[in-house]
Amino acid sequence: MLSWKSAQLNHRHSQRRNKPMKPTIITCALTGAQQGKQAYPALPEQPDEIISQGLEAWRAGAAILHLHARDKNGKASSDVEIFHQIVDGLRSAGCDAVLNLSTGGAVAGLPLEERILLVPELKPEIASFSVGGGSMLGRYDHDGDTWVGDRFVPLFSSHREMEQVARIFSDNATKPELEVYHSGMLNNIAALMDVGVLEEPLLVNFVMGIPGECTKATVKNLQFLTEGLPPGAEWLVSAIGAANHFRMLGAVLAMGGQIRVGLEDNVYIRRGELAASNGQIVEKAVRILRELGGEPATPEETRHILKLSGGNKHE
Ligand code: KMH
Ligand code: ZN
């Protein structure tokens, strides 16, 4: 049996060997495709608003900015020109964040052929890619207890179509952020890996907490989902709504995931208090991360961790 003294020495030795926590990538999802200014007046919709909140979030510590575009009326849009304007505005202000452009406006009724165009046209470093057939998403009314109903959000009509889209990503060296709303979508990722159209490390975003078919935001569910990932995959969580957002961030950090925050997923900074901006939410995420002994990854560290090789970087 070890003496108390040698046990202490062993403990100190192993502590010295402990590597510091690897930097954590913070994604800020600035806008989304659904709610608008009527629900939350500070939501950035027009390119100048998205650029200014994007810069604030980047300066606060976000290494990835996840971007949606809106038209002049604030409706979700897949217009490549609007995305281009946002990317240009961020780059010309000196922003070196990794840009993750959304192809995910299906929820707003945008057709697949339009949504995917920004990949070949703009060749972003990352773009989102929902890997499934579709989801029934719904909502509860304002009291939070009466089911208002659902609607089907179609994504792909066949595995073949999904594979074709995956090839558009790989042909343009754009890393897909694989959006997973429920565990069956992990099977689709495995099928895409089998046909050799996904490059490692995978980047997987578990969307949790939308009423309907989407996975509930619980630690147990997250553990189950992460156990279904191939080794070496990087993952993050879109925890939707005030009750889930920062609570799940704590679980993600304890489990070794990457951070995603932002007004796309939640508009509250704390219970009952609306956030002033995306930057304020990123500042809170950085505070929590540092209190737990972590550090936010820089955009360059992020490119290294995710092995990004694609276009439209900061020059
Ligand atoms: N809106 C989030 C729930 C996308 O843009 O493609 C997931 C998302 C998907 O960000
Ligand atoms: Zn999005």
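Trainee: What should I look at first to understand the state of the cysteines in this one?
Mentor: Formally, a disulfide is one covalent bond, and it connects the sulfur atom of one cysteine to the sulfur atom of another. If you walk through the whole model with that rule in mind, you get 0 disulfides. Looking at the unpaired Cys28, the closest cysteine sulfur is the one in Cys95, lying at 11 Å. Just so you know, Cys214 is unpaired, no disulfide at all, and the nearest cysteine sulfur is the one on Cys28, 19 Å from it. For Cys214, a relative accessible area of 6% gives the class buried.

Trainee: Would you take a moment to explain the packing of aromatic side chains for this structure?
Mentor: Geometrically, a pair of aromatic rings is defined through the distance of the ring centres and the angle of the planes. Per the stated rule, a full pass over the model turns up 4 aromatic pairs. Between the aromatic rings of Phe129 and Phe156, the centroid separation amounts to 5.7 Å while the plane-to-plane angle is 70°, which identifies the pairing as edge-to-face. Of this pair, Phe129 sits in strand β6 (residues 126-130) while Phe156 sits in the loop between β8 (147-154) and α6 (159-171), placing them 27 residues apart in sequence. According to the relative accessible area criterion, Phe129 is buried, its value standing at 1%.

Trainee: Can you walk me through helix α7 (residues 184-194) in this structure?
Mentor: Quick reminder: α-helices carry 3.6 residues per turn. Residues three or four places apart thus point the same way. Of all the positions in α7, only Met185, Leu186, Asn188, Ile189 and Leu192 are classed as buried. Taken around the axis of α7, the buried residues stretch over an arc of 155°, which confines them to a single face. Set apart from the buried face of α7 by more than 90 degrees, the exposed residues are Asn187 and Asp194. Packing partners of the buried residues in α7 comprise β6, α6, β9 (175-180), β10 (203-208) and α8 (219-227). Immediately downstream of α7, the backbone of Gly196 shows phi near 75°, a positive value.

Trainee: What should I look at first to understand the pairing of strand β7 (residues 134-140) in this one?
Mentor: For a regular strand, the rule is simple: side chains alternate between the two faces of the sheet. In this structure, β7 lies alongside β8, joined through 7 bridges in antiparallel fashion. Across the sheet, the residue bridging to Ser135 is Val153, located in β8. From the end of β7 to the start of β8, which pair antiparallel, there are 6 residues, and Gly144 there has a positive phi angle of about 85°.

Trainee: So what exactly am I meant to see when it comes to a negative patch on the surface here?
Mentor: Residues Asp79, Glu81, Asp88, Glu113 and Glu114 make up a contiguous surface patch of negative charge. Among the elements of the structure, α3 (80-92) and α4 (112-116) are those that each provide at least two residues to the negative patch. Along the chain, Glu81 turns up in helix α3.

So, how was this worked out
- Residues numbered from 1 in each chain as written.
- Chains lettered and ligands numbered in written order.
- Predicted model: local features only at pLDDT ≥ 70, side-chain atom pairs only at ≥ 80, totals over all residues.
- Heavy atoms only, no water.
- Disulfide = S-S within 2.5 Å.
- Buried < 20%, exposed > 50% of the residue type's maximum accessible area, 1.4 Å probe, protein only.
- Phe/Tyr/Trp six-rings, centres within 6.5 Å; stacked < 30°, edge-to-face > 60°.
- Helix = DSSP H or I, 4+ residues; strand = E, 2+ residues; numbered from the N terminus.
- Arc of directions from axis to C-beta.
- Contact = heavy atoms within 4.5 Å.
- Pairing = 2+ DSSP bridges.
- Patch = residues over 30% accessible without salt bridge, like charges linked within 9 Å, V, L, I, M, F, W, Y side chains within 5 Å.
- Areas by Shrake-Rupley, 256 points an atom, 1.4 Å probe, with all protein chains shown as cover.
- Salt bridge = Lys/Arg side-chain N within 4 Å of Asp/Glu carboxyl O.
- Lys, Arg positive; Asp, Glu negative; His and termini not counted.
- Charge placed at Lys NZ, Arg CZ, Asp CG, Glu CD.

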